[in-house]
Amino acid sequence: MNFNNYTNALDALETFGGGYELGHSYFTHYGCPSDDMSEEKGRGSASGSRIPRSSPRQRPIPPRPRPNCSFQPVFHERSAREDDAVLTQQLWKLARRSGTLNLSNKGLSRVPERLYDINQADEDSKAANLEQLRIKEEDAWWNQVPLINLDLSSNTLSRLSPKIENLMTLTVLTLHDNALVELPRQIGKLEKLTRLNLSHNKLSQLPSELFTLPVLNHLNISYNEFNELSPDVSDLHMLDFLDASHNNLQSLPGGIGFLVRITKLLLSYNHIKELPPDIVNMRILEKLDLMQNDLINLPDDMGLIRKLKCLYIQHNDIKELPEFEGNEALTEMHASNNYITSIPKGLCSNLPHLKLLDLRDNQITELPDEICLLRNLHRLDISNNSISVLPVTLSSLAHLVNLQVEGNLIKTIRRDIIQCGTTRILKVLHDRAQAQPREKGGADDGSGSGGSLTESMDALRLGGCQTNDGPMPENFPDSSQPHCQCQHCMQHNRFCVAYPNPQIQGQQYAPENYQQEHYYGHSAHYLQQQQQQPMPYPNRFNGFASMYQQQLYSNSSNSYAVQKRWVYKLRHTHTLAVNLEELTNVPDQVFEIARAENVNVVDFARNKLGTLPNGLQYMRDLVTELVLSHNLISFVPPFISQFTRITFLNLSNNLLKELPKEFGVLNTLRELNIANNRFECIPSCLYELQRLEVLVASDNHIKVLNISGLKAMSRLATLDLRNNDIEFIPPILGNLTNITHLELIGNPFRQPRHQILIKGTESIMSYLRDRIPI
């Protein structure tokens, strides 16, 4: 008989109460019972077997676990008792003291019933006497606050109880990432509610009572199943943020224009085909996201949304762009993946502050020469279009650092030049712009293509009654002044509209009426004093005449007048920008006037400045952005440390070898560009900039990296060290996890290899970490 099978049988017997054991005397050495042995034993035989055997061996029997009758599977329907147990006494007391209760990611299928009574005194508080409350003063009623912030996100809630009306003190209610299919009407009783997040649920409609909430200013209903928005949404008069993206909206209600306080409207990933006309009534709207819809066009009067800064309309069916007349604050326009065929010329003149223009994957066939009027453009993406010629006026954009033209059939520029990138393309265009007048008989010859180029460049310099922002309004101050007939303007064929000599007119700079006073503002008194003195402007300072049409010229009486257009321009844009004028110095008076108009952006890129103008000190407590790229600056004066509000500084393409130690006190600086200079190492003063987030130091002669210094810059996220002389990358650089964008291409080191560098920052950092010695 098989021993293993017999053992299994014994186990079965033992389970049913049998008392047999393997060491029992009724079992032989081989574990088999013998009837003969039993009989002999009954006759008093001393031995039951002739086969010698050893003493019986006791086999330990392990204890058997008792079955757990209360076992619950991991995936089961939560009972009300389990949900109520989530709100522990400790959480209850903490919520009573702080006014905030966080029950997110608790697996709740129902809201604990006890929660709806949290603003009422519990039984323990009612039964406690004064002496007991003194012992536990933190639990006393006078130290308790009503619930104002409730987070029930990331659960499995499908409904809310009507008892939600008991939480009338709530100001923030977070319900995202649940399975809600409807909301109770009683939610309209939460009259103090200011923020409501309902994203990532299964809602298809909202109760009408919700639209009566008087102070609701933040509503997020994204990632739901809405087919339409209720017209009652216009009753939320205090709303300043609305996110209805990732739904099935086919249109917007007509009254949505009554949301006049809204600043961010997010409607991406829907099926909207047309915008209601009254959407332009959102006069303070700053961000409008309409990407991934079915839009065919935009309203012609988009310019009425004067505060609009960011517009996202990519992945639609738009064929034509409006001119955006009035959208002077617009800084970003994303219009890729549409059917746009051309860029309106008026658009170029109406968007003076546009920094990013994304038009890739469209059907554009040409760029207008007026593209040069986008003076602050930093990035232009026209890849994957049908453009065959790039206008030479692109080279006049002083701030253009990223030009994407791949996927076009450009025949006028060699392919290898296009592959070299933005700098090389702009250099070729600039050389052609310089060569065209010579080929056509000189700059004074206005015929042929040279004349066309001259006209385009003069348009950039405000020819006629044009401003950087488009046609001059009729009520623009001094818009009817006659053409300047000075010798300088006649010689250079420029129209500067100089203000008549104040002494000839019998007056100094003084407002003639209330409207004129409004335009001049705080500068009027200062300008009146300045006109009483001759202003010895350097000859090379005629840039303000050609660029802004504001510089004045002396007459026989050595009198000067300040052009009214310039004062208006400073106040209107808060920007002092003069580019491509070969300036070697800037008078102090310019900065004093700019200070009076609260200018905070100063831009003197593409000139011939040797250092920072001394008059810049007058604006040390106003300037937030300072651009001095493409000059001949070899020295930065110590007074740079006085700029207490500066966040962006561009010193690229100069002759700098070092920075003053006072540079390290610029605690507000977030972005610094020192590319294309002569630095042999990263200046040590930069390691003291604790808030610096972006450092661009490409195209220098940096040889060694100071990892300990970089480690001290805890907020540094972007580090660009392309095209330097770095021979070794320390592996410990991979431990700087705060750096999310690292550029190292164009250096002579051997490791990491080029194949790793082109894979991106994550691959580089991983490679370096793997080579840190243990």
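Notes on the structure in this doc start here. (Residues numbered from 1 in each chain as written. Predicted model: local features only at pLDDT ≥ 70, side-chain atom pairs only at ≥ 80, totals over all residues. Heavy atoms only, no water.)

Points about the overall build of the chain
Here's step 1: Of the regular secondary structure elements, the chain holds 20 helices and 23 strands.
Here's step 2: Long-range pairs, those at least 24 residues apart, make up 42% of the contacts in the chain between residues at least 6 apart in sequence.
Here's step 3: When the accessible surface of the chain is split by element, carbon and sulfur atoms take 49% of a total near 39700 Å². (Helix = DSSP H or I, 4+ residues; strand = E, 2+ residues; numbered from the N terminus. Contact = heavy atoms within 4.5 Å. Areas by Shrake-Rupley, 256 points an atom, 1.4 Å probe, with all protein chains shown as cover.)

Focus on the pattern of salt bridges
Here's step 1: With the rule as written, the count across this model stands at 14 salt bridges.
Here's step 2: The shortest N-O distance in the salt bridge between D621 and R595 comes to 2.6 Å. Here D621 is found in the loop between strand 17 (601-603) and strand 18 (625-627), whereas its partner R595 is found in helix 17 (residues 588-596), with 26 residues between them in sequence.
Here's step 3: Judged by relative accessible area, R595 falls into the partly exposed class, the value being 36%.
Here's step 4: Counted as one network, the salt bridges with shared partners bring together D358, R360, R379 and D381. (Salt bridge = Lys/Arg side-chain N within 4 Å of Asp/Glu carboxyl O. Buried < 20%, exposed > 50% of the residue type's maximum accessible area, 1.4 Å probe, protein only.)

Structural notes on the packing of aromatic side chains
Here's step 1: In total, this model carries two aromatic pairs according to the counting rule given.
Here's step 2: One cation-aromatic arrangement involves R114 over W92; the distance from NZ or CZ to the ring centre is 3.9 Å. (Phe/Tyr/Trp six-rings, centres within 6.5 Å; stacked < 30°, edge-to-face > 60°. Lys NZ or Arg CZ within 6 Å of the ring centre and 35° of its normal.)

Some details on the sheet that holds strand 20 (residues 671-673)
Here's step 1: If you trace the eight strands from one edge of the open sheet to the other, you get 16-17-18-19-20-21-22-23, paired in parallel fashion. This sheet does not close on itself; its edge strands, each paired only once, are strand 16 (575-577) and strand 23 (741-743). For this sheet, the mean angle separating the axes of adjacent strands, direction not counted, is 5°.
Here's step 2: Alignment of strand 22 (residues 718-720) against strand 23, held across three bridges, turns out to be parallel. When the sheet's bridge partners are listed, T718 is paired in strand 23 with H741. (Pairing = 2+ DSSP bridges. Axes fitted to C-alpha atoms, helices over the stretch in contact; angles between N-to-C directions.)

Topic: the nonpolar core
Here's step 1: Ranked by internal contacts, the top residues of the largest apolar core, which has 104 residues, are M333, L390 and L394.
Here's step 2: Sorting the residues of this core by element identifies helix 4 (89-98), helix 7 (345-350), helix 8 (415-420) and helix 9 (422-439) as the ones contributing at least two each.
Here's step 3: Ranked by residue count, the leading element in this core is helix 9, at five residues.
Here's step 4: Residues contacting L390, with those up to four places away along its chain left out, are L367, I382, V405, I410, T412, I413, I425 and L429. (Core = buried A, V, L, I, M, F, W, Y, C linked by side-chain atoms within 4.5 Å.)

A short note on unusual backbone geometry
With glycine set apart, most residues show a phi of negative sign, and most peptide bonds adopt trans.
Here's step 1: Backbone torsion omega between Q751 and P752 reads 0°, so that peptide bond is classified as cis.
Here's step 2: Along the chain, P752 falls in the loop between strand 23 and helix 19 (754-757).
Here's step 3: Here the phi dihedral of Y223 falls at roughly 55°; this positive angle occurs in a residue that is not glycine.
Here's step 4: Mapped onto the elements of the fold, Y223 is located in the loop between strand 5 (218-220) and strand 6 (241-243).
Here's step 5: In this model, Y269 sits at a positive phi of 55°, which is unusual for a non-glycine residue.
Here's step 6: Position of Y269 among the secondary structure elements: in the loop between strand 7 (264-266) and strand 8 (287-289).
Here's step 7: Of the residues examined, Y269 reaches a relative accessible area of 35% and is grouped as partly exposed.

Some details on helix 20 (residues 761-770)
Here's step 1: Residues of helix 20 that are buried include every one of T761, I764, M765, Y767 and L768, and no others. Buried residues of helix 20, viewed axially, fall in a sector of 160°; they line one side. Seen from the buried face of helix 20, the exposed residues on the opposite side, beyond 90 degrees, are E762 and D770.
Here's step 2: Considering only its buried residues, helix 20 is in contact with strand 23 and helix 19. (Arc of directions from axis to C-beta.)

Focus: the environment of P613
Here's step 1: Among the secondary structure elements, P613 is positioned in the loop between strand 17 and strand 18.
Here's step 2: In this structure P613 comes out as buried when scored by relative accessible area, which is 5%.
Here's step 3: Apart from the residues within four sequence positions on either side, P613 is in contact with V586, F591 and F639.

What to know about the side chain of D278
Here's step 1: Position of D278 relative to the elements: it lies in the loop between strand 7 and strand 8.
Here's step 2: Buried charge without a partner: D278 forms no salt bridge, and the closest opposite charge is R283, 11 Å away.
Here's step 3: Engagement of the side chain of D278 in a polar contact is seen with the backbone nitrogen of G257, the distance being 3.2 Å.
Here's step 4: Leaving out residues up to four positions away in the same chain, D278 has contacts with G254, G255, I256 and G257. (Lys, Arg positive; Asp, Glu negative; His and termini not counted. Polar contact = N/O pair within 3.5 Å; in protein donor to acceptor, adjacent residues only side chain to side chain.)

Quick look at helix 4
Side chains of residues three or four places apart in an α-helix project in the same direction, reflecting 3.6 residues per turn.
Here's step 1: Regarding helix 4, the residues found buried are W92, A95 and R96. One side of helix 4 carries all its buried residues, which in axial view fall inside an arc of 100°.
Here's step 2: In this structure, the buried residues of helix 4 make contact with strand 1 (100-102).

Comments concerning the environment of V694
Here's step 1: With respect to the helices, strands and loops of the structure, V694 is situated in strand 21 (residues 694-696).
Here's step 2: V694 sits 46 residues away from F648 along the chain, and the two C-alpha atoms are 9.5 Å apart.
Here's step 3: Not counting the four nearest positions on each side in its chain, V694 is found in contact with R670, E671, L672, L716 and T718.

Details of the environment of L180
Here's step 1: The residue L180 is located in the loop between strand 3 (172-174) and strand 4 (195-197) in this model.
Here's step 2: In this structure the C-alpha to C-alpha distance between L180 and T156, which are 24 residues apart in sequence, comes to 8.0 Å.
Here's step 3: Excluding anything up to four places from it in sequence, L180 contacts L157, S158, R159, L160, L175, N201, K202 and L203.

A short note on the side chain of N293
Here's step 1: As for its placement among the helices and strands, N293 is situated in the loop between strand 8 and strand 9 (310-312).
Here's step 2: Taking relative accessible area as the criterion, N293 reaches 4% and is therefore assigned buried.
Here's step 3: Engagement of the side chain of N293 in a polar contact is seen with the backbone oxygen of L267, the distance being 3.0 Å.
Here's step 4: For N293, the contacting residues outside a window of four places in its chain are L267, S268, Y269, N270, H271, I272, H315 and N316.

Just geometry here; none of it tells us what the structure is for.
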